[in-house]
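# Survey of secondary and tertiary structure
Residues per chain, in single letters:
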Amino acid sequence: MNAQLQYQIEQFFYRKSELCDAQDWDAYLQLFDEQSEFHLPQWDSEHVYTRDPKREMSLIYYPNRSGLEDRVFRLRTGKSASSTPMPRTLHLINNVRIDELEGGELEVRLNWHTLFYRLATSEQFYGRATYRLKPHADSWLISRKHVLLLNDTINSVLDFYHL
């Protein structure tokens, strides 16, 4: 793995985090391929999570980017009561590991931690994520996001912007 690629991928994910924290939804959505899958499985037992979003329970599953686009539409139009007012978030990522795949694609695994504040309530979510990236112009597009939420309990609403 060359250091320049490591740096570029880390910068890509720092930018993704920054866009989400700034609620710059147009730029955030542009990071995702139109066919991008977004999956947050449910834990089936203490150490086993569900694998097949079409047959097993998931906390969030969008088979393509239109699911994210719908959530953004609901946020913008005030049709998401659970997100009104929008929380402030701070996304942190670390331990970025990259595997090069065929066709120039990458599999990127990272750890993440999100702090958020809404209506005098602070909370945090944390976990691991695996992304599939494909080359696009001079950057990348996310073609798959698979997130593992490691919190044992969720005391508030959970949405894509927490992950």
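A brief structural summary. (Residues numbered from 1 in each chain as written. Predicted model: local features only at pLDDT ≥ 70, side-chain atom pairs only at ≥ 80, totals over all residues. Heavy atoms only, no water.)

## Digging into the overall build of the chain
Each helix and strand in the chain was counted, giving three helices and six strands. Start at the N end of the chain and walk to the C end: the helices and strands fall as α-α-β-β-α-β-β-β-β. Within the chain, the fraction of its 163 residues that count as buried is 42%. When contacts within the chain are restricted to residue pairs at least 6 apart in sequence, long-range pairs at least 24 apart make up 58% of them. By element, 47% of the accessible surface of the chain is carried by carbon and sulfur atoms, the whole surface being about 9100 Å². Charged side chains of the chain number 19 positive and 23 negative; the gap between the two group centres comes to 4 Å. (Helix = DSSP H or I, 4+ residues; strand = E, 2+ residues; numbered from the N terminus. Buried < 20%, exposed > 50% of the residue type's maximum accessible area, 1.4 Å probe, protein only. Contact = heavy atoms within 4.5 Å. Areas by Shrake-Rupley, 256 points an atom, 1.4 Å probe, with all protein chains shown as cover. Lys, Arg positive; Asp, Glu negative; His and termini not counted. Charge placed at Lys NZ, Arg CZ, Asp CG, Glu CD.)

## A word on the pairing of strand E4 (residues 106-118)
Within a regular strand, the side chains alternate between the two sheet faces. Sheet topology places strand E3 (residues 88-100) next to E4; 11 bridges connect them, and they run antiparallel. Its bridge partner being in E4, Leu90 is matched across the sheet by Leu115. Counting the residues in the hairpin turn of E3 and E4 gives five residues, including Gly103, whose phi is positive at 75°. One ladder, built from 13 bridges, connects E4 with strand E5 (residues 121-136); its direction is antiparallel. Across the sheet, residue Arg109 finds its bridge partner in E5, namely Thr130. Joining the antiparallel neighbours E4 and E5 is a turn of two residues, in which Leu119 adopts a positive phi near 50°. (Pairing = 2+ DSSP bridges.)

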